[in-house]
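Architecture at a glance
As a plain string of letters, each chain reads:
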Amino acid sequence: MSRIVSVPHSPDEATRAPVAAERVVHGAPRQAHANAYSTQDERFHCGVWEGSVGAWRVQYTEHEFCHLLSGRMRLRGDDGSDVLLEAGQSFIVPAGFTGTWEVLETARKLYAIYEPGD
């Protein structure tokens, strides 16, 4: 059965957790999410995410579309790319991206993730 799903305005506090220590570059960042929808094959997901100030390493196997609802953040790629993002902006992180995810001001985003198959 197909149905319309509402995306929550903010994540559930119960999901708030620190970023894994081995990935932290600086600060003590914490993040939370509320996944609103996933397909049966678990390859597409969407919801809302929130992160606190700090930076950590990322390595994407998925494609992610994001719309920043609040805050400021920076993505620095290992390829030398450097993008400053502010509330109201949308961006895409492609599968294969590696670099640093830095939250400059507590940030909240809507996300849509597609995980390609093998």
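Preceding this paragraph is the structure being described.
No experiment lies behind these values; they were computed from the predicted model shown.

1. Quick look at the pairing of strand 7 (residues 82–86)
Pairing of strand 6 (residues 63–77) with strand 7, which is carried by five bridges, proceeds in the antiparallel orientation. When the bridges of strand 7 are listed, Arg-72 appears paired with Glu-86. Between strand 6 and strand 7, which pair antiparallel one after the other, the connecting turn spans four residues, and Gly-80 there sits at a positive phi close to 100 degrees.

2. Quick word on unusual backbone geometry
Despite not being glycine, Glu-42 has its phi angle at roughly 60 degrees, a positive value. Position of Glu-42 among the secondary structure elements: in the loop between strand 3 (30–38) and strand 4 (44–51). Among the residues examined, Glu-42 registers a relative accessible area of 46% and is labelled partly exposed.

3. Some points on the side chain of Thr-100
Here Thr-100 lies in strand 9 (residues 98–114). The contact partners of Thr-100, leaving out residues within four places of it in the chain, are Val-25, Ala-55, Trp-56, Arg-57, Arg-74, Leu-75 and Arg-76.

4. Let's talk about the nonpolar core
By size, the foremost hydrophobic cluster in this structure holds 18 residues, and its most contacted members are Trp-49, Trp-56, Met-73, Leu-75, Phe-91, Val-93 and Trp-101. For this core, the secondary structure elements donating two or more residues are strand 5 (54–59), strand 6, strand 8 (90–93) and strand 9. Looking at which element gives the most residues to this core, the answer is strand 9, with five residues. When neighbours within four sequence positions are excluded, Trp-56 is seen to be in contact with Val-19, Arg-23, Val-24, Val-25, Pro-29, Gln-31, Trp-49, Gly-99, Thr-100, Trp-101 and Val-103.

5. A few points about a nonpolar patch on the surface
A cluster of nonpolar side chains, namely Val-7, Leu-69 and Leu-110, defines an oily patch on the protein surface of about 190 Å² accessible area. Locating Leu-110 in the fold gives a position in strand 9. Note on Leu-110: relative accessible area 32%, which makes it partly exposed.

6. A look at the side chain of Glu-64
Looking at where Glu-64 falls in the secondary structure, it is placed in strand 6. Looking at Glu-64, its side chain comes within polar contact range of the side chain of Lys-109, at 2.8 Å. Leaving out residues up to four positions away in the same chain, Glu-64 has contacts with Phe-91, Ile-92, Val-93, Lys-109, Tyr-111, Ala-112 and Ile-113.

Parameters at a glance
- As a convention, each chain's residues are numbered from 1 in the sequence order in which they are written.
- Totals for whole chains, interfaces and linings use every residue, but because this is a predicted model, local features are given only for residues with pLDDT of at least 70 and side-chain atom pairs only at 80 or more, for both listing and counting.
- The side-chain figures draw on all heavy atoms in the structure; neither hydrogens nor water molecules are used.
- Note: two strands are recorded as paired if DSSP finds a minimum of 2 bridges between them.
- Note on conventions: DSSP H or I runs of at least 4 residues are helices, E runs of at least 2 residues are strands, and numbering of each starts at the N terminus.
- Buried, partly exposed and exposed residues are distinguished by accessible area as a fraction of the type maximum, computed with a 1.4 Å probe on protein chains only: under 20%, between the cut-offs, and over 50%, respectively.
- Whether two residues are in contact is decided by their heavy atoms, any of which lying within 4.5 Å being enough.
- Residue types Ala, Val, Leu, Ile, Met, Phe, Trp, Tyr and Cys, when buried and joined through side-chain atoms within 4.5 Å, form a set referred to as a nonpolar core.
- For patches, a residue must show more than 30% relative accessible area and have no salt bridge; joins then use 9 Å for like charges and 5 Å for nonpolar side chains, namely Val, Leu, Ile, Met, Phe, Trp and Tyr.
- Per-residue and other accessible areas follow the Shrake-Rupley method at a 1.4 Å probe size, with only the shown protein chains counted as cover for residues.
- Take a side-chain nitrogen of Lys or Arg and a carboxyl oxygen of Asp or Glu: if they are within 4 Å of each other, that pair is a salt bridge.
- N or O atoms within 3.5 Å of each other form a polar contact, as long as, within protein, one can give a hydrogen and the other can take it, and as long as residues adjacent in sequence are counted only when both atoms are side-chain atoms.

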